[in-house]
Amino acid sequence: MSFLNDVLEHNQRWVEARNRPLSKVPQKKIAIFTCMDTRLVEFLEQAMGLGRGDAQVIKNAGNTLVDPGGGVVRSLVVAIYAIGVGEVFVIGHTDCGMAQIDEAKLEEAMLSRGVTKEAIEGLHPGLKEWVGGFKDPRRNVERVVRLLRDNALIPKDVPVHGLMFNPGTGLLKAVSADERPQFAAVQSSGAAVKPPPQA
């Protein structure tokens, strides 16, 4: 039996017991751009002291920014201008699988599953850049933060911070707090933030 059936059955029971719906506007007025790693699901939000409805969360493989006008920026533009987000957090994590990705093996796997060579060669930019692999998760966070701060579509009155998360311990560390003049009060101390104890 497909897991899809389990999901739909659970959802039916959940909807019947559901409380009132939340507003689509994030209560904390923040957006988080992070990795799709399953270890971060719910755990990252708990470590930040966030609950359901508090933040807009955008995810992709490795929290990478490949296209400065692509899906991530599009989502942030909507979040900022249409939903009222006023602060952005780019959060990478230790032991990220994207730091070990082998583009050649990925291409082989795609070809073995029926993807044509022409389709791969038609990717823009090329497969390596399109996938967005990197060697150092922290440097990737710093790069993404810099690209977002410099992006002409992101307003200069929205701070963009970079953090690293440990999915094993839940520890957060600021690696690139926004210290542009308009945010002079924000300090980039690199201080670690311990998550609240789990129930």
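Residues numbered from 1 in each chain as written. Predicted model: local features only at pLDDT ≥ 70, side-chain atom pairs only at ≥ 80, totals over all residues. Heavy atoms only, no water.

**Student:** Which residues make up the overall build of the protein, and what values do they have?
**Tutor:** Secondary structure assignment for the protein yields seven helices and six strands. Reading the secondary structure of the protein in the N-to-C direction produces α-β-α-β-α-β-α-α-α-α-β-β-β. Dimensions along the principal axes, computed over C-alpha positions, put the protein at roughly 50 × 50 × 35 Å. Considering only contacts in the protein between residues 6 or more positions apart, those separated by 24 or more positions represent 69%. A total accessible area of about 12,100 Å² is found for the protein, and carbon and sulfur atoms account for 55% of it. Side-chain charges in the protein split into 24 positive and 23 negative, and the spacing between the mean points of these groups amounts to 5 Å. (Helix = DSSP H or I, 4+ residues; strand = E, 2+ residues; numbered from the N terminus. Contact = heavy atoms within 4.5 Å. Areas by Shrake-Rupley, 256 points an atom, 1.4 Å probe, with all protein chains shown as cover. Lys, Arg positive; Asp, Glu negative; His and termini not counted. Charge placed at Lys NZ, Arg CZ, Asp CG, Glu CD.)

**Student:** Please set out helix H1 (residues 3-16) residue by residue, giving values where relevant.
**Tutor:** Here H1 contains 14 residues, and its C-alpha end-to-end distance of 20 Å stays within 8% of the 20 Å for a straight helix at 1.5 Å per residue. The N-terminus of H1 is capped by Ser2, whose side-chain oxygen sits 3.0 Å from the backbone nitrogen of Leu4. (Expected span 1.5 Å × (residues − 1). Polar contact = N/O pair within 3.5 Å; in protein donor to acceptor, adjacent residues only side chain to side chain.)

**Student:** Before we move on, could you go through the pattern of salt bridges and cite the residues and values that matter?
**Tutor:** This model, assessed by the stated rule, comprises seven salt bridges. In this structure, the salt-bridge partner of Arg39 is Asp37, at a minimum N-O distance of 2.7 Å. With a closest N to O distance of 3.8 Å, Asp136 and Arg139 form a salt bridge. When its relative accessible area of 31% is taken as the criterion, Asp136 is described as partly exposed. On the accessibility criterion, Arg139 (60% relative accessible area) is exposed. A single network of salt bridges, built from pairs that share partners, joins Asp37, Arg39 and Asp95. (Salt bridge = Lys/Arg side-chain N within 4 Å of Asp/Glu carboxyl O. Buried < 20%, exposed > 50% of the residue type's maximum accessible area, 1.4 Å probe, protein only.)

**Student:** A description of the packing of aromatic side chains should follow, citing residues and the corresponding values.
**Tutor:** Given two aromatic rings, their pairing is described by the distance between the two centres and the angle made by the two planes. Overall, the coordinates contain one aromatic pair when judged by the stated rule. Between the aromatic rings of Phe43 and Phe165, the centroid separation amounts to 5.6 Å while the plane-to-plane angle is 65 degrees, which identifies the pairing as edge-to-face. Here Phe43, found in helix H2 (residues 43-47), pairs with Phe165, found in strand S4 (residues 160-165); they are 122 residues apart in sequence, far enough to count as distant. On the accessibility criterion, Phe43 (16% relative accessible area) is buried. Judged by relative accessible area, Phe165 falls into the buried class, the value being 1%. (Phe/Tyr/Trp six-rings, centres within 6.5 Å; stacked < 30°, edge-to-face > 60°.)

**Student:** Requested: an account of the environment of Glu108, with residues and values cited.
**Tutor:** Within the secondary structure layout, Glu108 lies in helix H4 (residues 103-112). Measuring from C-alpha to C-alpha, the distance between Glu108 and Pro167 comes to 30 Å, with 59 residues separating the pair along the chain.

**Student:** Tell me about unusual backbone geometry, residues and numbers included.
**Tutor:** With a phi close to 70 degrees, Glu42 is a non-glycine residue in the positive phi region. Taking the relative accessible area as the measure of exposure, Glu42 reaches 56% and is therefore exposed. A positive phi is found at Asp95, a non-glycine position, where the angle reads about 55 degrees. For Asp95, the position within the fold is in the loop between strand S3 (87-93) and H4. When its relative accessible area of 52% is taken as the criterion, Asp95 is described as exposed.

**Student:** Give a detailed account of helix H3 (residues 71-81), specifying residues and quantitative values.
**Tutor:** Inspection of H3 places Val72, Val73, Leu76, Ala79 and Ile80 among the buried residues, and these make up the whole buried set. What you see down the axis of H3 is that its buried residues fit within an arc of 125 degrees, all on one side. Exposed side of H3, more than 90 degrees from the buried face: Arg74 and Tyr81 are the residues found there. In this fold, the buried residues of H3 make contact with strand S1 (30-35), strand S2 (55-60), S3 and helix H7 (137-150). (Arc of directions from axis to C-beta.)

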